[in-house]
Amino acid sequence: MGITRGDRNDGFPKDFLWGCSTASYQIEGSSSADGRGPSIWDSFCHVPGAVYGGMNGDFACDSYRRWKDDIELLKELGVDSYRYSVAWPRVQPRGSGAPLQAGLDHYKRFADALGEAGIESAVTLYHWDLPQSLQDSGGWPCRDTAYRFAEYADIVFRALGDRVGRWFTLNEPWCAAFLGYELGVHAPGHKDRAEAYNAAHHLLLGHGLAVQVYRKTGLEAPIGIVLNPSTPRPATRRAEDIAAADRAADHGTAFWLDPLYGRGYTARHLAAMGVSMPVKDGDFDIIAAPTEFIAINYYAENAVEADSSAPEGFRQAPSWRDKSAMNWDIVPDGLYRMLAAIAKRWPVKEILVTENGAAFEDRIDGDGRIKDSQRIDYLRSHLCACRKAIADGIPLKAYYFWSLLDNFEWAYGYSKRFGLVYVDPVNGERRIKDSFYYFRDSIAGFEN
Ligand code: FCB
């Protein structure tokens with residue numbers, strides 16, 4: 001018997017799932033290959049001033065063509081699972097009707113090759129690339145889009161079902177609804193609060209309908225939704241700041257988890273925002289269709305304080321924390337606090353962290369290495385928070401790093417690098433960063 005083998009002793013259970021995440025529009029490129037239709041992100045990128053430097057995802061990481069390279073990297077990293085998304089416009093170029101075989105074949109080949117490499121396919125059905133035709137007929141604010149989504153989901157379940165080990169219906173519906181339809185910084189770039197709340201409801205409805213359709217397929221892999229909850233901390237222990245933090249958490253957290261767990265919409269939040277939701281009879285039963293897990297993406301935690309002059313009664317408090325290149329606070333304990341808060345308030349069976357990571361100003365040194373020690377510190381401290389959660393009995397079952405590759409970071413274009421692997425956006429060349437090897441050691445159980 002070797003002396004370094006045996007059970008891992010780093011606080012992670014043996015069956016803990018290790019992975020990393022990407023999304024179709026952010027990595028694939030080949031935006032019109034094999035009949036792919038345009039998505040709202042293709043259109044948004046061509047709106048002057050919408051995306052940094054006028055960049056777009058036409059080339060991205062060229063992963064639609066270089067998928068074999070990506071699988072080699074994943075093998076080298078040693079992950080159990082790879083979370084990637086299927087591009088709806090590759091499956092249904094106009095968002096409805098007969099599927100495009102070439103698009104499905106691409107994902108079949110990809111999932112097969114991952115399977116041969118012993119890596120689970122963890123598939124997100126919707127990571128924001130809505131077919132443009134569906135936006136033309138109203139997009140997510142329109143109820144019909146939820147039904148179209150369930151039809152598309154059914155196609156993908158049936159085509160890839162025997163190859164996929166885990167399903168995610170939607171990625172971060174908060175971003176799709178509010179960044180896309182209220183704040184206008186994501187596609188389709190609208191600025192209308194009522195539209196955003198309608199979109200939120202139809203995203204949730206689409207999720208529930210897709211889960212219902214999934215149960216009819218007889219497939220047994222676990223399925224759930226990915227949220228980006230926010231659970232800000234109060235700036236002080238004063239009662240009004242604690243109440244402000246609680247109200248702030250309504251928008252990003254309770255508003256989503258309450259209906260998903262059969263509690264309907266958080267009345268306090270709707271009253272505070274002065275909005276009503278387009279709920280029809282039976283919608284809440286659909287939205288609360290049981291799932292196997294809840295998945296969360298975590299990047300940062302903010303502090304909030306009461307402010308009677310602010311429209312919502314609170315504001316973000318100043319912070320002393322180090323920041324990433326996104327100007328997001330680095331708060332590892334915030335991940336622990338978020339997991340604990342969710343596990344306490346909702347009856348979650350399993351929680352998965354499906355994204356966590358940070359952008360930094362990486363550079364290639366003279367010796368060819370990318371010594372991204374800040375990303376390593378980020379990773380180490382957030383894994384520590386996960387370990388603490390597990391030790392406290394929180395049912396945390398997986399950790400996926402965002403991201404495998406530097407990629408198209410939405411409105412920031414290629415100016416923000418989140419990868420374990422450096423990617424040259426001009427020619428798609430990949431170069432492994434030090435953090436890749438750090439994560440590899442963590443996965444292998446040799447980093448405490
Ligand atoms: C999340 C998105 C993901 C990526 C990271 C940095 O909100 O899900 O696509 O852009 O942020």
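Below you will find a few notes about this structure. What you are looking at is a predicted structure, and each value in this text was computed from that prediction instead of being measured.

## Describing the overall build of the protein chain
Regarding its fold elements, the protein chain presents 15 helices and 13 strands. For 448 residues, the compact-globule estimate of 2.2 N^0.38 gives 22 Å, and the C-alpha radius of gyration of the protein chain, at 21 Å, lies within 12% of that figure. Based on the C-alpha atoms only, the size of the protein chain along its principal axes is roughly 60 × 55 × 45 Å. Every one of the 448 residues in the protein chain was classed for burial, and the buried ones make up 60%. Within the protein chain, contacts between residues separated by at least 24 positions form 76% of all contacts whose residues are at least 6 apart in sequence. Averaged over its 50 positive side-chain charges, the protein chain has a centre that lies 2 Å from the centre of its 60 negative ones.

## Some thoughts on the nonpolar core
Generally speaking, nonpolar side chains in soluble globular proteins are found buried as a group. In terms of nonpolar packing, the biggest core is built from 126 residues, with W41, Y82, Y126, W167 and Y399 touching the most fellow members. At 12 residues, the largest contribution of residues to this core is made by helix 9 (residues 193–217). Contacts of W167, omitting those with residues within four sequence positions, involve V123, L125, V156, F157, L160, G161, Y214, A221, P222, I223, G224 and F293. In this structure, Y299, M326, I330 and A359 belong to the second largest nonpolar core, which totals 10 residues.

## Thoughts on the packing of aromatic side chains
Counting across every chain of the model gives 43 aromatic pairs. Seen in terms of ring centroids, F255 and Y265 are 5.1 Å apart; in terms of plane orientation they differ by 20°. Their pairing is stacked. With F255 in helix 10 (residues 239–260) and Y265 in the loop between helix 10 and helix 11 (267–273), this pair connects stretches of sequence that are 10 residues apart. Take F255 and Y265: they sit in the same class, and that class is buried. The ring centre of Y422 lies 3.8 Å from the NZ or CZ of R417, which sits over that ring.

## With respect to the site of the ligand
Taken together, the residues surrounding the ligand are Q26, H127, W128, N171, E172, Y299, E355, W402, E409, W410 and F418. With respect to the ligand, the side chain of W410 contributes an N or O atom lying 2.9 Å from an oxygen atom. When the ligand sits alone it has 290 Å² of accessible area, and the protein chains cover 94% of it. In terms of residue class, the shell around the ligand is made up of 5 nonpolar, 3 polar and 3 charged.

## What to know about the packing of helix 7 (residues 144–160) against helix 9
Describing two packed helices takes the angle between their axes plus the distance from one axis to the other. The contact between helix 7 and helix 9 brings their axes to 8 Å, and the two run at 35°. For the pair helix 7 and helix 9, the crossing hand works out as right-handed. On helix 9, the residues that touch A146, Y147, F149, A150, A153, D154, F157 and R158 of helix 7 are H202, L205, G206, H207, L209, A210, V213, Y214 and T217. Residue classes in the contact of helix 7 with helix 9 are distributed as 11 nonpolar, 4 polar and 2 charged.

## Details of the environment of L100
Residue placement: L100 occurs in the loop between helix 4 (88–91) and helix 5 (101–116). Overall, the relative accessible area of 24% leaves L100 in the partly exposed class. Considering only alpha carbons, one finds L100 and R36, 64 residues apart in sequence, at a separation of 8.4 Å. Beyond its immediate stretch of four places on either side in the chain, L100 contacts D34, G35, R36, R90, V91 and P93.

## Concerning the pattern of salt bridges
The final tally for this structure, using the stated rule, is 37 salt bridges. Among the charged side chains, a network of salt bridges with common partners joins D362, D372, R375, D406, R417 and K433.

## Examining the sheet that holds strand 5 (residues 223–227)
Taken in spatial order, the 8 strands of this closed barrel run 1-2-3-4-5-7-10-11, and their pairing is parallel. On average, each strand axis in the sheet is inclined to that of its neighbour by 25°, with strand direction left out of account.

## Details of the pairing of strand 7 (residues 293–297)
Of all 5 residues that make up strand 7, 5 are buried, and the element is covered over most of its length. The alternating pattern of strand 7 places F293, A295 and N297 on one face and I294 and I296 on the opposite face, and all of these are buried. Strand direction decides the pairing type here: strand 5 and strand 7, joined by 4 bridges, are parallel. Its bridge partner being in strand 7, L227 is matched across the sheet by I296. Note: strand 7 against strand 10 (residues 351–355), 4 bridges, orientation parallel. Bridging across to strand 10, A295 finds its partner in L352.

## Looking at the pairing of strand 11 (residues 396–402)
In terms of burial, strand 11 is a largely internal element, 6 of the 7 residues being buried. When strand 1 (residues 17–21) meets strand 11, the two strands line up parallel, connected through 5 bridges. From the neighbouring strand, L17 faces strand 11, where its bridge partner is A398. Sheet analysis places strand 10 next to strand 11, joined by 3 bridges and oriented parallel. Within strand 11, the residue paired with V353 across the bridge is Y399. The handedness of the strand 10 to strand 11 crossover, carried by helix 14 (residues 373–391), is right-handed.

What counts, and at which threshold
Numbering of residues begins from 1 in every chain and follows the order in which that chain's sequence is written. Confidence filtering applies because this is a predicted model: local features only for residues at pLDDT of at least 70, side-chain atom pairs given and counted only at 80 or more, and all residues used for totals across whole chains, interfaces and linings. Each side-chain value is worked out from all heavy atoms of the structure, with water and hydrogens disregarded. Put simply, DSSP marks the helices as runs of H or I at least four residues long and the strands as runs of E at least two long, and each gets a number from the N terminus on. C-alpha atoms define the radius of gyration, and 2.2 Å times the number of residues to the power 0.38 defines the globule rule. With a 1.4 Å probe rolled over the protein chains alone, any residue whose accessible area is under 20% of its type maximum counts as buried; one over 50% counts as exposed, and the rest are partly exposed. By definition, residues are in contact when any of their heavy atoms lie within 4.5 Å. Lys and Arg are tallied as positive, Asp and Glu as negative. Neither His nor the chain termini are counted. Every charge is mapped onto a representative atom, which is NZ of Lys, CZ of Arg, CG of Asp or CD of Glu. We call a set of buried Ala, Val, Leu, Ile, Met, Phe, Trp, Tyr and Cys residues a nonpolar core when their side-chain atoms join them within 4.5 Å. Working definition: a ring pair exists when centres of Phe, Tyr or Trp rings (six-membered ring for Trp) sit within 6.5 Å. Plane angles under 30 degrees give stacked, over 60 give edge-to-face, the rest tilted. Our definition puts a charge over a ring when NZ of Lys or CZ of Arg is within 6 Å of the ring centre and also within 35 degrees of the ring normal. For this description, a residue counts as near a given molecule or strand if any of its non-hydrogen atoms is within 4 Å of it. For this analysis, a polar contact is any N or O atom pair within 3.5 Å, provided that within protein one partner can donate a hydrogen and the other can accept it, and provided that sequence-adjacent residues contribute only side-chain to side-chain pairs. All accessible-area figures derive from a Shrake-Rupley calculation using a 1.4 Å probe, and residue coverage is judged against the displayed protein chains alone. Each residue is assigned to one class: nonpolar for Ala, Val, Leu, Ile, Met, Phe, Trp, Tyr, Cys and Pro, charged for Asp, Glu, Lys and Arg, and polar for all the others, Gly among them. Axes here mean lines fitted to C-alpha atoms, for a helix over just the part in contact, with angles spanning 0 to 180 degrees between N-to-C directions. Should the near helix be turned anticlockwise from the far one by less than a right angle, the crossing is termed left-handed; should it be turned clockwise, right-handed. Throughout this description, the term salt bridge denotes a Lys or Arg side-chain nitrogen within 4 Å of a carboxyl oxygen of Asp or Glu. Here, strands pair whenever DSSP counts at least two bridges between them. Consider the strands pointing away from the viewer: the crossover is right-handed when the path from the first strand over the helix to the second runs clockwise.

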